[in-house]
Amino acid sequence: MKKNFYEAIETRRTHYGISKEEIVSDEKIKEIIEHAVKHTPSAFNSQTARVVVLLDKQHEKLWDITKEALRKIVPADKFAPTEEKINSFNAGYGTVLFFEDQDIVQYLQKEFATYKDNFPIWSKESSGMHQFNVWTSLELEGYGASLQHYNELIEEEVKKEWNIPQGWEIRAQMPFGKPTSQPGEKEFKPLEDRVKVYK
Ligand SMILES: Cc1cc2nc3c(=O)[nH]c(=O)nc-3n(C[C@H](O)[C@H](O)[C@H](O)COP(=O)(O)O)c2cc1C
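Residues numbered from 1 in each chain as written. Predicted model: local features only at pLDDT ≥ 70, side-chain atom pairs only at ≥ 80, totals over all residues. Heavy atoms only, no water.

Run through the packing of aromatic side chains, naming residues and quoting values.
Applying the stated criterion across every chain, the model contains 13 aromatic pairs. For the pair F44 and Y115, a centre-to-centre distance of 5.6 Å together with 75 degrees between the ring planes defines the contact as edge-to-face. Here the residue F44 occupies a position in the loop between α2 (26-39) and β2 (49-55), and Y115 occupies one in the loop between α5 (102-111) and α6 (118-140), the gap between them amounting to 71 residues. Aromatic pair Y143 and F176: ring centres 5.3 Å apart, planes at 75 degrees, arrangement edge-to-face. Of this pair, Y143 sits in the loop between α6 and β4 (144-145) while F176 sits in strand β5 (residues 168-179), and the two are 33 residues apart along the sequence. By the burial criterion, Y143 is buried, and F176 matches it. Within the aromatic cluster, the residues linked to one another by ring pairs are F44, F112, Y115, F119 and W122. Above the ring of W135, the side-chain terminus of R12 is found at 4.3 Å from the ring centroid. (Phe/Tyr/Trp six-rings, centres within 6.5 Å; stacked < 30°, edge-to-face > 60°. Helix = DSSP H or I, 4+ residues; strand = E, 2+ residues; numbered from the N terminus. Buried < 20%, exposed > 50% of the residue type's maximum accessible area, 1.4 Å probe, protein only. Lys NZ or Arg CZ within 6 Å of the ring centre and 35° of its normal.)

So, in structure tokens, the structure goes:
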């Protein structure tokens, strides 16, 4: 039985231990990601989110690119933990890349000048919503995922490798796979400090 919405929100976690073992078909992965992208809101219904799903060898290529980019900036004697971290993402089955189409953001800024400064912010906020919905959908199917930000470091190479339009700005990478370990306990701040209700 599938979890309900409240359970799904609660059980989505950051998974660093992931493997390549298949849980659902590639077709199903595509279907749940398309569903999340289709139904997640955006400012003015502008639908600026763009998503690229890399599976299997393409996913491994992404983390090879990231590792080589990091090798250029991390001192050689400190590279081992960095390499280990990248290898842990590579150990998964796929990665979802999140972009925001800046051509649309710029069009909106021109068209609705009053909100000019808001469109780039709303674009990022909407991207976060897409990330959450994809993350939770993957979790519902039994996959574990995490959220990574090697954006500027890899953007040029990623665009070249997967023929990504120049106007798509990379926002996040979400490696996923079958969980090989469970996330630890999470601490929560008191809700009375975070949520106020007035009537
Ligand atoms: C906007 C945002 C950015 C994050 N960036 C990273 C990141 O770059 N690397 C990473 O490992 N986790 C990242 N995380 C994951 C958080 O550290 C994690 O969600 C948080 O500690 C709560 O744990 P949970 O996901 O298990 O609930 C990010 C989460 C959010 C919402």
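Quick one: what's the story with the nonpolar core, residue by residue and with numbers?
One finds L62, F99, I154 and V158 to be the most contacted residues of the largest nonpolar core, which totals 20 residues. Broken down by secondary-structure element, the contributors of at least two residues to this core are β2, α3 (57-71), α4 (79-90), β3 (94-101), α7 (151-161) and β5. Ranked by the residues each element gives to this core, the list is headed by α3, at five residues. Residues within four places of F99 in sequence aside, it is in contact with T48, A49, R50, V52, V158, I164, W168, E169, I170 and R171. The next biggest cluster of nonpolar side chains, apart from the first, holds 17 residues, and it includes I32, I33, W135 and L138. (Core = buried A, V, L, I, M, F, W, Y, C linked by side-chain atoms within 4.5 Å. Contact = heavy atoms within 4.5 Å.)

I'd like a rundown of the side chain of R12, residues and numbers included.
Among the secondary structure elements, R12 is positioned in the loop between α1 (5-11) and β1 (18-19). Buried within the structure, R12 lacks any salt-bridge partner; its nearest side chain of opposite charge belongs to E139, at an N-O separation of 6.1 Å. Not counting residues up to four positions away in its chain, the partners in contact with R12 are F132, W135, T136, E139 and K186. (Lys, Arg positive; Asp, Glu negative; His and termini not counted. Salt bridge = Lys/Arg side-chain N within 4 Å of Asp/Glu carboxyl O.)

Got a sec to walk through the pairing of β2? Specific residues and values, please.
Within a regular strand, the side chains alternate between the two sheet faces. Most of β2 sits inside the fold, with five of its seven residues counted as buried. Sheet topology places β2 next to β3; seven bridges connect them, and they run antiparallel. Note that in β3 the partner of V53 across the bridge is V96. (Pairing = 2+ DSSP bridges.)

So what's going on with the site of the ligand? Residues and values would help.
Residues in close proximity to the ligand include R12, R13, T14, Y16, W135, L147, Q148, H149 and K186, which together make up its full environment. A distance of 2.6 Å separates an oxygen atom of the ligand from a polar atom in the side chain of R13. At 2.6 Å, a side-chain N or O of T14 approaches an oxygen atom of the ligand. For the ligand, the protein covers 54% of the area, taking 620 Å² as the surface of the free molecule. Its residues placed into classes, the shell around the ligand shows three nonpolar, three polar and three charged. (Near = heavy atom within 4 Å. Polar contact = N/O pair within 3.5 Å; in protein donor to acceptor, adjacent residues only side chain to side chain. Areas by Shrake-Rupley, 256 points an atom, 1.4 Å probe, with all protein chains shown as cover. Nonpolar A, V, L, I, M, F, W, Y, C, P; charged D, E, K, R; others polar.)

Describe the packing of α5 against α6, listing the residues and the values that go with them.
It is at 9 Å that the axes of α5 and α6 come closest, and there the two elements cross at 145 degrees. Helix-helix and strand crossings are classified by hand; for α5 and α6 the assignment is right-handed. Contacts between α5 and α6 involve Q102, V105, L108 and Q109 from the former and F119, P120 and S123 from the latter. Its residues assigned to classes, the contact of α5 with α6 comprises four nonpolar, three polar and no charged. (Axes fitted to C-alpha atoms, helices over the stretch in contact; angles between N-to-C directions. Left-handed = near helix turned anticlockwise from the far one by under 90°.)

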